[in-house]
Amino acid sequence: MTENLPFKHAVVTGASTGIGEATVRALRAAGWHVVAVARRAERLEKLAAETGALAFAADVSKDDDVASLLAFVAGHGGLDTLINVAGGARGADRIGETHNDDWEWMFQANVMGTMKMTRAFLPALREHRAGTVLNLTSTAGLSAYEGGAGYNAAKFAQHALTNALRLEEVEHNLRVIEVAPGLVQTEEFALNRLGGDRAAAEKVYQGVAEPLTAGDVADVVAYAVGLPHHINLDQIVVRPVAQAANHKLIRR
């Protein structure tokens, strides 16, 4: 067993913005070696310069990019922790008006990307014998809501993938954690979901006294992966106090 060795090498996807970026910052502040992964190289380079993380531009839904990332990580000390943050939502249409390309993008970004990253890094995590996979899902993957079917479906799938992974890999001492945030106000999530309509995106958070921030969720992620390895926080649901459920949000 290597669980007591001072390793703390993490790969964080979705690192160019929002929760992924905040997670890189939180882990680096706690002394972790971090490879920050996202598609936008220029944002990654800025993050790397500010934090000392290593930057690697990749689309985690593309097999060739994932293979290149695997080789890069192996050449820079390996890993014991994989944090799958990359994902997102597109569209808020009801099923009768939804668009194929929105659903296909969400499944590629949230489900296929998580699967491909996990599959690629499993051999290294198994070999380490005290590895961790943390998947950032959403409360959208725990209960459905009107206008959310595509995102619900993708996050429900990612939630199921996470549960299956925990069952399959426990014999390798692999710790599998799910963090499912509720309402989080970030720079791009609602804006991307609503097609760049900034006014509509601002309405998502309007009147909510204290929505979660990316930093709030990153602190939860860093805490979960920083615990002694024998402690597995299977599922962490984190919401602002104003949000008692997906459908119950207090606006002032």
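So, here is what we can say about the structure in this document. Note that the structure is a prediction, hence the values are computed from the model and not measured.

Observations concerning the pattern of salt bridges
A side chain with one charge can pair with a side chain of the opposite charge if their charged atoms come near.
Logical step 1: Counted according to the given criterion, the structure contains nine salt bridges.
Logical step 2: Taking the shortest distance from any N to any O, the salt bridge between Asp63 and Lys116 comes out at 3.4 Å. In this pair, Asp63 sits in helix H3 (residues 63–74) while Lys116 sits in helix H4 (residues 100–128), placing the two residues 53 residues apart along the sequence.
Logical step 3: Two residues, Arg126 and Glu169, come together in a salt bridge whose shortest N-O distance is 2.7 Å. Of this pair, Arg126 sits in helix H4 while Glu169 is found in helix H5 (residues 149–169), placing the two residues 43 residues apart along the sequence.
Logical step 4: Via salt bridges that share partners, Glu21, Arg25, Lys46 and Glu50 belong to a single interconnected network.

Observations regarding the packing of aromatic side chains
Logical step 1: Considering all chains together, one arrives at two aromatic pairs under this definition.
Logical step 2: Ring geometry for Phe56 versus Phe72: centroids 5.0 Å apart, planes at 45 degrees, classification tilted. Highlighted residues: Phe56 in strand S3 (residues 54–57) and Phe72 in helix H3, separated in sequence by 16 residues.

Observations regarding the pairing of strand S4 (residues 81–84)
Logical step 1: Side-chain alternation along S4 places Thr81 and Ile83 on one buried face and Leu82 and Asn84 on a second face that is also buried.
Logical step 2: Where strand S1 (residues 9–12) and S4 come together, three bridges link them in parallel fashion. Following the sheet pairing, Ala10 is matched in S4 by Thr81.
Logical step 3: By the bridge criterion, four bridges tie S4 to strand S5 (residues 132–136) in an arrangement that is parallel. Bridge pairing in S5 links Leu82 to Val133.
Logical step 4: Chirality of the crossover, the property in question, places the unit of S4, H4 and S5 among those that are right-handed.

Some thoughts on empty space enclosed by the protein
Logical step 1: The full count for this structure, using the stated rule, is one cavity of 30 Å³ or more.
Logical step 2: Along its surface, the largest cavity is lined by 14 residues, and Gly91, Asp93, Thr98, Gly147 and Gly150 are the ones closest to its centre.
Logical step 3: Only H4 and H5 provide two or more residues apiece to the lining of the largest cavity.
Logical step 4: Here the residues of the lining of the largest cavity are counted per class, giving five nonpolar, five polar and four charged.

Brief notes about the environment of Arg129
Logical step 1: Mapped onto the elements, Arg129 comes out in the loop between H4 and S5.
Logical step 2: Take Arg129: its relative accessible area is 28%, and that puts it in the partly exposed class.
Logical step 3: C-alpha of Arg129 to C-alpha of Ala164: the two residues are 35 residues apart in sequence and 19 Å apart in space.

About the criteria used
Residues numbered from 1 in each chain as written. Predicted model: local features only at pLDDT ≥ 70, side-chain atom pairs only at ≥ 80, totals over all residues. Heavy atoms only, no water. Salt bridge = Lys/Arg side-chain N within 4 Å of Asp/Glu carboxyl O. Helix = DSSP H or I, 4+ residues; strand = E, 2+ residues; numbered from the N terminus. Phe/Tyr/Trp six-rings, centres within 6.5 Å; stacked < 30°, edge-to-face > 60°. Buried < 20%, exposed > 50% of the residue type's maximum accessible area, 1.4 Å probe, protein only. Pairing = 2+ DSSP bridges. Right-handed = clockwise from strand over helix to strand, strands pointing away. 1 Å grid on protein atoms, 1.4 Å probe; cavity = no way out; pocket = protein on both sides within 12 Å on 5 of 7 lines; lining within 4 Å. Points joined across faces, edges and corners; volume = space filled by probe spheres on them. Nonpolar A, V, L, I, M, F, W, Y, C, P; charged D, E, K, R; others polar.

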